[in-house]
Structures are given as C-alpha cells and as structure tokens.
Amino acid sequence: MIRTMAITHDHKLVKELHLLDIRIEDYDFVWTDFSAPTEEESRLLKDYFHFHPLAVEDCLHVLQRPKLDYYEDIQFMVLHAIREEEEKPHEVDLFLGPNLLVSYHHEPLDELNQAWERIGGEAERRTIWSRAPIAAAYTVMDKLVDGYFPVLFAIEDELAELEGRSGNAPMDELVNHVFLIRSKLLRLRNTIVPMRDLLYRIVNSQHIQGQSRSDHKLYFIDIYDHLLKLTDMLDADREMTADLRDSYISLNSDRMNSIMKTLTVITTLFMPLTLIAGIYGMNFHYMPELGYRYGYTAVIVVMLLLGCGMMIWFKKRGWFK
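Description of the structure in this document.

About the cut-offs
- Residues numbered from 1 in each chain as written.
- Predicted model: local features only at pLDDT ≥ 70, side-chain atom pairs only at ≥ 80, totals over all residues.
- Heavy atoms only, no water.
- Helix = DSSP H or I, 4+ residues; strand = E, 2+ residues; numbered from the N terminus.
- Buried < 20%, exposed > 50% of the residue type's maximum accessible area, 1.4 Å probe, protein only.
- Phe/Tyr/Trp six-rings, centres within 6.5 Å; stacked < 30°, edge-to-face > 60°.
- Pairing = 2+ DSSP bridges.

Observations regarding unusual backbone geometry
One non-glycine residue with positive phi stands out, namely His50, at about 60 degrees. Along the chain, the position of His50 falls in the loop between helix H2 (44–47) and helix H3 (53–60). For His50, a relative accessible area of 62% translates into the label exposed. Its identity as a non-glycine residue notwithstanding, Glu72 has a phi of 55 degrees, on the positive side. Among the secondary structure elements, Glu72 is positioned in the loop between strand E4 (67–71) and strand E5 (74–82).

Here is the structure:
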C-alpha cells in the first residue's frame, strides 16, 4: 500500500494523493509511505523517485543494520522498529530530501501510523515545524524509539518475577529462564546500540536536510538521550541476569557439594564395617573366631560401636553441617 500526503505552497494539507498524479516540486513538502508494498509498488523507488540503486537494494533486502548514507541531495536511513509481542526488529527505511520524505517498510507498523496522524494533525494546525521533511523524519524516529521502552519494561518485569521465584522453582528451570532473558536482551542490544550510534551521527552531522536550525537539532538530541537511557537500562538488566546466573550456579554447586559430602560421610561410615564383613566372609577353615559361641554377637556389637563412634566424631568435626 502506498499513501501520500503533501503541503501546498500556501500551507494547506492535502491527503489521499495518488503518487503518479502529482509533481513533487509543486509542493512544499511531500511524504510518501510504502507500507507492505507489492513488487510493482517497490519498483517506484527507482522508476519514479530515481533513488540510488544501492539504497533501493538495501530496502528490498532485509534486515540491514541501522545506518545513514548520503546520496547527493538525498539522505538514506535504515531504522528498526520492535514489536513487543515478537521482540524482533523490523526494518524501516527513510529517504530524506529537501522537500520530500519517503518511508518504506515491509510490514504495517503502528509507529508509522501514529507518526502519520501526528504530522497530519500538526500540518492542519499550520505549525512551521510540521512542514519540514526533517520534522516527519524526527516524528518517525521518535515513535520507533518510544516503542522500545515497553519491550524493555516487559523484560524487567520478567526479571523481577524470576527473582521472586528463586526460592521455590527447580534450579534448571531458573537457569534456562535466565539464559532466555539474556538472549532477548542481546537481540535488543543489537538494535538499540546501532540506533544510538545512528542518532549520534545525525546529531553531529552538518549534511542532514533541515539540520541547520538549532531547534531541529534539539529534537534529535532528545531521541539520542532516550537511546542512552535505553542502553543504560540494557546494561543494568544484563548485569542483573549475570548476577542471577552466577548466584544460581553457586547455589547449585553448594547443593552438589552438600550432597557429595553426605554421600562421602555415609561411604566412610560403611568402609570399616564392610572391611569386617569382608574378613568374615572369607572361606578359610581355620579362623580362630569361627569357633566362638558369641563371636557373631561380638562382631555385630563391635560394628555398631565403631559406626556410632565414627558418627559422633564426624558430628564433632562439623561434617554434617
């Protein structure tokens, strides 16, 4: 699906335009959004807009790393959106020109719909900021980055719940859950950190369309600050999972040591008893004790006394703690 909105030279908003029926130079600002386009619609990037073939190729072959490229008077940006229910990135491509913004994404995204409605509403109020392509680009980025927070908050809630279950859940289940959360955080980091680096380039770039005005730059600095906060949250959550993992592994090792100590004590108790039983199990005819009437009783008593004595000695040594 392709949708287009434009602002005329007399600052009027026009929506529901057919792209092939307009001339971009006749408007102050044109935003065209390619939402889950067909193959025929995608060809318009090259045939109608005449974008650079490398940029068009990046649009068609997902998933690219967030980046910023310059092509004459067009800036090409690759951004990422994250859906909370999927926790995986979706590519959003932006072409930014002097009076043009083209957004391209393979799946419908709520963030783009929200940005579309916001820019349309601001344009109807005739605010100066909404008439610039850089404003629409900022709005798209802002909505995409705002969508990262619910995903990270959900993971933090999951971590808090996991920490509360530490005392009554199987150790293997807890460790597996920790590693699952760490893999989610790693996927998020692979999106958020490149986006942070991209915004750093935008903030410090002198080539972005509309960046000459300092008030425009402040908006992108705000997005950059949000990404810095997200990065800090990611690092804190990763440290927390590492602490939980180490705690679980240490606790599991302590339990194993306790089990091995108990088994060792039991084995040690039975070693002398087994020795005595082994001696009297030998099939020799001439053994002095075999002729004693109370020999069997005496051996049992000795074995009991030996076992009890060893247990008392082990307990004094603190081996049962």
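Right, picking up where we left off after that structure.
Concerning the packing of aromatic side chains
All told, the structure shown has 11 aromatic pairs when counted by the stated rule. A centroid spacing of 6.3 Å and a plane angle of 65 degrees characterise the contact between Phe34 and Phe49, whose relative ring orientation is edge-to-face. Remark: Phe49 occurs in the loop between H2 and H3 and Phe34 occurs in strand E3 (residues 29–35); sequence separation between them is 15 residues. A residue is classified by how much of its surface remains accessible, and Phe34, at 0% relative accessible area, is buried. Judged by centre distance (5.8 Å) and plane angle (40 degrees), the ring pair of Phe34 and Tyr104 falls under tilted. One end of the pair, Phe34, is in strand E3; the other, Tyr104, is in strand E7 (residues 100–105), and 70 residues separate them in sequence. We note that Phe34, like Tyr104, is buried. Grouping aromatic residues by their ring pairs yields a cluster made of Phe34, Tyr48, Phe49, Phe51, Phe76, Phe95 and Tyr104.

What about the pairing of strand E1 (residues 2–7)?
For E1, the buried fraction is high: five of the six residues fall into the buried class. The pairing of E1 with E3 spans six bridges and is antiparallel. Bridge pairing links Ala6 to Val30 in E3. Where E1 lies against strand E2 (residues 13–14), two bridges are found, and the strand directions are antiparallel. By the bridge assignment for E2, Ile7 is matched with Leu13. Hairpin connection between E1 and E2: a loop of five residues separates the two successive antiparallel strands, and His11 in this loop has a positive phi of roughly 65 degrees.

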